[in-house]
Amino acid sequence: MLFGRKKRKPILIPAKKVKEWKYTTCNYCSTGCAIEIGLDDDGKIVTSRGHARADVNRGKLCIKGILEHDLFHSPGRGSQPLMRATKQEKFQPASWDQALDTSAAKIREIQEKYGRDSFAVVSTGQLLTEEFYTLGKLVRGCIGTNNYDGNTTLCMASAVSGYKRSFGSDGPPGCYDDFEHTECLMAFGSNLPEQHPIIYWRLKEAREKRHFPMIVIDPRVTMLAQFADIHLPITPGTDCVLINAMLYVMFDEGLQDQAYIDAHTNGFEELKVTVADYDPIQAQHICGIDEDMIRHVARLYAKAGCAMSIWTMGINQSTHGSDGVANINNLNLVTGNIGKPGGTSLSITGQCNAMGTREWSSCSGLPGYRALKNTRHRQEIANFWGVDESFFPEKRGLTQTDIFPAIESGEIRGLWLVATNPLTSMANQPRIRKMFEKLDFLIVQDVYEDVETNEYADVFLPAAVWAEKEGCHTNTERRVNLTRNVIAPYGDSKPDFWIFNQMAKRFENGNKIYFPETPEGAFEEMKHLSIGAGRTLDISGMSYDKIEQAKGIQWPYSQGDDSLKGSPRLYTDGQYQTPDGRTNLISVKFRDNNEKPDEKYPFWCNSGRVVEHFHTRTRTGKIGNCNKFSPTPYMEINPDAAEALGVEHQTYVRLVSRRGDAVVLAQLTHRVPRDMVFIPFHFHDCVNRLTLGLLDPYSRQPAFKQCAVRIEQVDQVEAAQLNLERRSF
Amino acid sequence: MNSEVKELTAKPEMIEIQQADGSTLWEVRTQEQPYAFLSDKAILDTNRYGQKIDLLDLTGGQLPKERPLFINDNPEVGCNPNRNKQHAFFFTADNCIGCHACESACAEKNETPAHLAFRSVGYVEGGSYPDYQRLNISMACNHCDDPVCLKGCPTRAYTKHAEYGAVLQDPDTCFGCGYCTWVCPYNAPQLDPVEGQVSKCNMCVDRLEVGLKPACVSACVGNALDFGVVENIPENREQAKISIPGFPDPSITRPNIRFQQTRELPEEMKRTDSAPVKYHKAADGNYKPVVDRKQGTSRAWNLTRLSSRENPLVLFTLMSQAAIGAFAIAFFGAQAGIPALQWFGGQTLYVPLLALSLGLVALGLYLSTTHLGKPLRFFRGFNNLRHSPVCREGLGIALFMAFLGLHLLCKLPANALFASLWQSLFGMPVSELIQPDTLATPAATFGYLAIVSGAVGLYYMNRCYRIPARPFWNHWQVATSFYGNALSLGTIALGVLLLPTLLLTGLDSAPATRLLAALIAAGAAIEAIGLWCHNLDMTAAEHEGAASHYVQRTTFGNSYWLRNGLLGLGILSGVGLTAFDMGPTVGLIGLTMLALALVASSLMGRALFYVLVIPTTMPGAFFWRNKGFEQHARDIGLADMPQVGVAPLRH
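Residues numbered from 1 in each chain as written. Chains lettered and ligands numbered in written order. Predicted model: local features only at pLDDT ≥ 70, side-chain atom pairs only at ≥ 80, totals over all residues.

## Some remarks on the overall build of chain A
From N to C terminus, chain A includes 25 helices and 26 strands. Computed over the C-alpha atoms, the radius of gyration of chain A is 25 Å, within 12% of the 27 Å expected from 2.2 N^0.38 for a compact globule of 729 residues. Principal axes of the C-alpha set define a box for chain A whose edges measure 75 × 70 × 65 Å. The buried share of chain A, taken over its 729 residues, is 63%. Restricting the contact set of chain A to residue pairs at least 6 apart, pairs at least 24 apart contribute 74%. (Helix = DSSP H or I, 4+ residues; strand = E, 2+ residues; numbered from the N terminus. Rg over C-alpha atoms; globule rule 2.2 N^0.38 Å. Buried ≥ 20, exposed ≤ 12 C-beta atoms within 10 Å, placed from the backbone. Contact = placed C-beta atoms within 7 Å.)

Here you go:
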């Protein structure tokens, strides 16, 4: 009956007439998914798709990746350089020469007046590796300021610091393939389904083939926590106590891999003494996980044939970030779970090229994991670039989180921001705002001219984005992957690579040092700098064509290797990047320094990502099919707490901390405990008006996820109006 | 399951891929992954309802086997060996992580704007921290065995294809009445307020033709969504349930979706969106909707919110009911020999009454046309008489208008006013053209025909709202309201002309006043009985209808009681005016007050009827598919930013 129509209606489905597919790597998170962008006969982008053969994503993409090709022409793009004499004036369009000349002159002027280090540069984890390398060359070799850092200090610094302290070098030792082998997985403050959906899919695939226990440590009942075999709803900021207590149980019951400890580690005895103070009986009262459960989990982990840990910001963004990473490393070292399939300490990185900046940007040292304090390293780079070795400082300068207080104290007078939005992303925004007001000169180099920090800029340099450029990313599993240039930059925006090259010409050393014209030329320099016996960070065997052919290659991958297969794991031979080749067991003592809920501010303020947004929403906030899933700020609050306060679902509340206030919609859910609110961090004028951001002593990373707030009722009409006024996208 | 399993000869996968590689229907990715390919090894003969899965068998072999789908006019026939089998989604609810990959893959492929989505993910949640669970539900069109959208659509924009059993809709045929969005229990058809037309999930038939699963399924990151021939359980899955918490009653449409949901859930699962519905575990382990008193129990007016985008329908239904009622009472009363009406039938103002009826129904129809997304396509409203109550309603009303018009024409020569007009214009009596008496029989015939078509129109107008997916409407109260209003409002319209006639001719108005009062009271009483029973039934119920009724008594509680009060007052005063002769002046004033009270109560009641209905749709999320947030975004102006995903309403 229903089928029997003589005349069927026409079927129209949008046809994407793709003439050519171009190879790229996703520009959002660090998973490193390969994306093919489809161009039609006119060279117009009509669609994109995950690359079915790329080992990382095997054809899958998350929401952001699927819709990423919509961003090239999204609103707010910077189409021409902008300048103004004072911050009270409106921006005026400028030519690139004017903008760069003014910028360089101002940088030199400030440096001459207040010293070389009085001008700071803060970059990002979003550029391509060749651009990071070039920026490092420009800053370290030409501008010569030691106050140079990336916003990776806000996300990955603790992982870097922890890796360095344990293994003597940065570099995640494991890979996604470890899911296929592991017999037990422990996830600390990592919500893969929301933050790294494709890594979650790899984990899910492995678990569908072969179930293995998954333990999730998170104060929130995230989707991953819900799917875990064991969820440990830990008290915020006490991971070290939990890990120490687990180590206590392992040592107490002789569950450690003594042979591995004896053969490859230093510091075991000291660690044993330290953890002796963390009997689960006492520890349970601090970390909120009961004694029996601590013992159960410690045994489960230690007895597994191989076990792995992953973590993300739940560990990194705390005052025990670096310690937490070192302690997770301890857990894996004492159980012999490093460098073997299914046994690893795998930091799940945040930004697409956080690894690239760690490897090559010279932020924390010199290119290729070289250190400023190492004379040989300084000499190598000075010789290679052709500058005087004495031009380099002998130790690292300030991190991003120390650069801003130095602006406050007047030591730093000028700042160049590259692809980062500290006005939205840094803790304690009220204080950050005052710091921006103090700057003599600010350059904002960004894809979007409506990036909030531009409010304080003197010069705005419009940058090209993603596949408007060409170059590499390194992902969480050390896989170097390529983005081919697909389309021309928007308007008169320019690739960051070009901007750095042009800026270099305006400095004395810039005319001495060779700056390759193409990213591939810079890549050749990086390859050369990665040659060396015993180096883990070795990309010397790679080339753009080989990377595209292999759909990404994991380092180390040395010259002459034609297998197209990189190294899935580090430290497989038990040799670490320390002077004696042995890894360090770091003793971690718990310091209780967080601002905790009290009578005046009775709620923990926790923050984190939602899957549809990236960072400060400058990209995803303009792509409707992303943004619509959370277009406006909100918080999760426990319904019992809400009832006691008279807060109703989907009404506005005002949150108040010792720093400032924020207005959000309330979402009542038992996902969070009664004494906690959770707020997505993506929104401008939101969670960072509240956060404290105590710094980790080693990594200088802020503890975004631990501070205390109270909740106030607010007039609904006025709050709605305020909410609207605070959103330009 | 009593169906026999029919083994298919397994085809080597490579052959399929090679075929697909040359296809102009869809480009298969280089070295596509196995998860993207359809993989039905064996196929049952019938589904669990006993319906044949082979759609050519189902149609009795009337259709050719290798018929092209003509996707974008492409005559290529896909290489999929199972293209004539009913396909279905398979959703492992245990696994969905709510990551929106399916939704964005769909949006990317179909190029849907932010405010529309062929597939949406919502969730229900339950338990207490940390023993908390969220169940995400990803839902698109279920390409039902019994596609109520297809049956309801007045324009025949829908086709259920013998290829894959896909229920596809043609936006270029659609005139944007939105009726399919009312009848679908899953919110699958999407009415775009910007474009003024509906579009929906197309099952990615282009991908199916080359052996690939739909884009949403291929994109799934949680291994939750799957797709294949209906009743086939994917590898590594064990169940094929027909329901999960939050999913509407599958008996409404026999949807082609199967579920796995093995994780034990809390007894109560709540929705985060504004719908006052939650789900309770019943004895059989399934979850049933119950009212969630989210807005508390206090009563409010919210009079301004009674105005909605359905305003034209409020007026259309009331005006056409009044028109049909007025004519029916006047004509039938005269035929039946009721003195006042028989007398009025011969009066000059009888023709103006006909004109008033005609004008009311014409204006109503015009307003209902403005409700369409594409008003200029209104003539397509009769294309699906075979299935759609909307078509039959429209036809009934149109015929009523036609017969009423003809009746009016037949009545003209006998009309004194018309006769004198004719005389002055043409200088001869109209009786020279035609004898009024010769028109008496045709006039009566057309009158009876108008009444029959009006009654049929009203019946189907009532059928339009008897929608299982809208339990608040799906009650016989719709009929009593519509016929009751025809009687009460029709009498009022009649009275507007009858009483002045009486007063002008100086006759005794008392009998007519009492008759009119009686008829109005009767109409109001019919409506009130229906509403009373509706109230009892909705109070006793535990479905979305009960939730609507809860909103009626709280958010609109004061308005609801005012309406009830006016209706009660109307009945009482009607009875009073009928029973006691109060003299012409008091009688007239009383009747006027009664009429005003009933017009007001009808307007409020009908507005409530449209505003209150809560469909059985899937749960939404906190922002997306949350009516409460959509309303808020429109109220404060967030909706003016297109990326918020809430389209501002056009008026």
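We are not done yet, so read on.
## Comments concerning the overall build of chain B
Looking only at helices and strands, chain B has 20 helices and 14 strands in total. Overall, the C-alpha framework of chain B stretches about 95 × 60 × 50 Å when taken along its three principal axes. Counting across all 651 residues of chain B, residues that qualify as buried make up 56%. Long-range pairs, those at least 24 residues apart, make up 74% of the contacts in chain B between residues at least 6 apart in sequence.

## Overview of the nonpolar core
Formed by 414 residues in total, the largest nonpolar core has its most connected members in Leu242(A), Met246(A) and Val677(A). No other element matches the 16 residues that helix α8 (residues 311-335) of chain B contributes to this core. If we ignore the near neighbours within four places in the chain, the residues touching Met246(A) are Ile294(A), Val297(A), Ala298(A), Tyr301(A) and Leu331(A). Leu372(A), Ile381(A), Trp385(A) and Phe392(A) belong to the second-largest nonpolar core, a separate cluster that totals 5 residues. (Core = buried A, V, L, I, M, F, W, Y, C linked by C-beta atoms within 7 Å.)

## Brief notes about the sheet that holds strand β25 (residues 676-680) of chain A
Residue and element names in this part refer to chain A. Pairing is mixed in the closed barrel, where 6 strands are placed in the order β21-β25-β22-β24-β23-β26. Ignoring which end each strand starts from, the neighbouring axes of this sheet average 45 degrees apart. In this sheet, strand β24 (residues 661-668) lies alongside strand β23 (residues 652-656) in antiparallel orientation, the contact comprising 5 bridges. Opposite valine 653, over in β24, you have valine 664 as the bridge partner. Against the sheet, helix α25 (residues 716-725) contacts β23 and β24, and its axis sits at roughly 75 degrees relative to β23. (Pairing = 2+ DSSP bridges. Axes fitted to C-alpha atoms, helices over the stretch in contact; angles between N-to-C directions.)

## Structural notes on the sheet that holds strand β16 (residues 459-462) of chain A
By way of backbone hydrogen bonds, the strands of a sheet pair with one another, either parallel or antiparallel. Read across the sheet, 7 strands follow the order β5-β4-β16-β15-β14-β6-β7 (chain A) without closing on themselves; strand pairing throughout is mixed. The open sheet is flanked by β5 (92-93) and β7 (148-150) of chain A, the only strands paired with a single partner.

## Considerations on helix α3 (residues 101-110) of chain B
An α-helical segment advances 3.6 residues per turn. Residues three or four places apart therefore align on the same side. Residues and elements named next belong to chain B. The buried fraction of α3 amounts to 9 of the 10 residues, a majority that puts the element mostly inside the structure. Of the residues making up α3, those classed as buried are Ala101, Cys102, Glu103, Ser104, Ala105, Cys106, Ala107, Glu108 and Lys109. At the C-terminal side of α3, glutamate 111 shows a positive phi close to 55 degrees.

## A word on the pairing of strand β18 (residues 479-483) of chain A
Residue and element names in this part refer to chain A. Within β18, 5 of the 5 residues are buried, leaving the element largely enclosed by the surrounding structure. Neither face of β18 is left uncovered, since the one carrying Arg479, Asn481 and Thr483 and the one carrying Val480 and Leu482 both have all their residues buried. Bridging between strand β17 (residues 471-474) and β18 involves 4 bridges; their strand directions are antiparallel. Looking at β18, one finds that cysteine 472 is bridged to leucine 482. Between β17 and the antiparallel strand that follows it, β18, lie 4 residues; arginine 478 among them carries a positive phi value of about 65 degrees.

## Digging into the domain arrangement of chain B
Residues and elements named next belong to chain B. Split into domains, chain B comes out as domain 1 (5-263), domain 2 (304-612) and domain 3 (623-651). Computed over C-alpha atoms only, the centres of domain 1 and domain 3 are separated by 28 Å. Tallying the contact residues gives 6 residues for domain 1 and 9 residues for domain 3. A per-class count over the side of domain 1 that touches domain 3 returns 3 nonpolar, 3 polar and no charged. (Domains from an automatic or database assignment. Nonpolar A, V, L, I, M, F, W, Y, C, P; charged D, E, K, R; others polar.)

## Comments concerning the packing of helix α16 (residues 510-540) of chain B against helix α18 (residues 557-579) of chain B
Residues and elements named next belong to chain B. Two elements in contact, α16 and α18, have axes separated by 8 Å at closest approach and are oriented at 150 degrees. Considering the angle they form, α16 stands roughly antiparallel to α18. Two packed elements cross with a definite hand, and for α16 against α18 that hand is left-handed. For the pair formed by α16 and α18, the contact residues are Thr513, Arg514, Ala517, Ala518, Ile520, Ala521, Ala524, Ala525, Glu527 and Ala528 on the first element and Leu567, Gly570, Ile571, Gly574, Val575, Leu577 and Thr578 on the second. Of the residues assigned to the contact of α16 with α18, the class counts are 11 nonpolar, 4 polar and 2 charged. (Parallel < 35°, antiparallel > 145°, perpendicular 65-115°, else oblique. Left-handed = near helix turned anticlockwise from the far one by under 90°.)

## So, the interface of chain B and chain A
Contacts between chain B and chain A engage 70 residues on the former and 63 residues on the latter. The set of elements that each furnish at least two residues to the side of chain B that touches chain A consists of α3, β4 (120-128), β5 (131-139), β6 (158-160), α6 (205-209) and α20 (627-636) of chain B. Ranked by residue count, the leading element in the side of chain B that touches chain A is α3(B), at 6 residues. Of the residues belonging to the side of chain B that touches chain A, the class tally is 33 nonpolar, 26 polar and 11 charged.

## What about unusual backbone geometry?
With an omega of 0 degrees, the peptide bond running from Trp555(A) to Pro556(A) counts as cis. Take Pro556(A): it is sitting in the loop between β19 (553-554) and β20 (583-584). Located in the positive-phi region is Asn428(A), a residue other than glycine, with phi close to 55 degrees. Tracing the backbone shows Asn428(A) in the loop between α18 (422-425) and α19 (429-438). Residue class for Asn428(A) comes out buried when judged on the 21 C-beta atoms lying within 10 Å of it. Even without glycine at this site, Gln31(B) takes up a positive phi of about 50 degrees.

## Considering the domain arrangement of chain A
Residues and elements named next belong to chain A. With domains assigned, chain A is organised as domain 1 (20-73), domain 2 (82-154 + 353-518), domain 3 (157-347) and domain 4 (603-725). The straight-line distance from the C-alpha centre of domain 1 to that of domain 3 is 33 Å. Taken together, the contact pairs 7 residues of domain 1 with 6 residues of domain 3. A breakdown of the residues in the side of domain 1 that touches domain 3 according to their chemical character gives 4 nonpolar, 2 polar and 1 charged.

## With respect to α8(B)
The end-to-end C-alpha separation of α8(B) is 36 Å, in line with the 36 Å expected for 25 residues at 1.5 Å each. Just downstream of α8(B) lies Gly337(B), where phi reads positive at about 85 degrees. (Expected span 1.5 Å × (residues − 1).)

## Describing the environment of Tyr179(B)
Residues and elements named next belong to chain B. Topologically, tyrosine 179 is positioned in helix α5 (residues 179-183). Among the residues examined, tyrosine 179 registers 23 C-beta atoms within 10 Å and is labelled buried. Linking tyrosine 179 and cysteine 149, residues 30 residues apart in sequence, is a C-alpha distance of 7.7 Å. Excluding anything up to four places from it in sequence, tyrosine 179 contacts Gly152, Cys153, Pro154 and Val390.

## Remarks on the environment of Lys65(B)
All names here are of chain B. Relative to the helices and strands, lysine 65 resides in the loop between α2 (55-58) and β3 (87-92). With 10 C-beta atoms counted inside 10 Å, the residue lysine 65 sits in the exposed group. For the pair lysine 65 and alanine 162, spaced 97 residues apart in sequence, the C-alpha separation works out to 9.2 Å. If near-sequence neighbours (up to four positions away) are discounted, lysine 65 is found in contact with Leu56 and Asn84.

## Some details on the packing of helix α8 (residues 239-252) of chain A against helix α11 (residues 280-287) of chain A
Residues and elements named next belong to chain A. Where α8 contacts α11, the axes come no closer than 9 Å and their chain directions differ by 165 degrees. With respect to α11, the element α8 is oriented roughly antiparallel. Like other packed secondary-structure pairs, α8 and α11 cross with a definite hand, here left-handed. Seen from α8, the contacting residues are Val241, Leu242, Asn244, Ala245, Tyr248 and Val249; seen from α11, they are Pro280, Ala283, Ile286 and Cys287. Looking at the contact of α8 with α11 residue by residue, the classes come out as 9 nonpolar, 1 polar and no charged.

## Here's the deal with the environment of Asn415(B)
Residues and elements named next belong to chain B. Tracing the backbone through its elements, the reader meets asparagine 415 in the loop between α11 (389-411) and α12 (416-426). Remark: the alpha-carbon pair of asparagine 415 and glycine 568, spanning 153 residues in sequence, is separated by 39 Å. With near-sequence residues (within four places) excluded, asparagine 415 lies in contact with Thr348 and Val351.

## A closer look at the confidence of the model for chain B
Residues and elements named next belong to chain B. Residues at a pLDDT of 70 or more form 96% of chain B, whose mean pLDDT is 92. Predicted confidence is poor over residues 1-19, with pLDDT under 50, and the contacts of this stretch with residues over four places away or in other chains come to 22 contacts. Across the assembled chains, the prediction reports ipTM 0.96 with pTM 0.95. (pLDDT = per-residue confidence, 0-100.)

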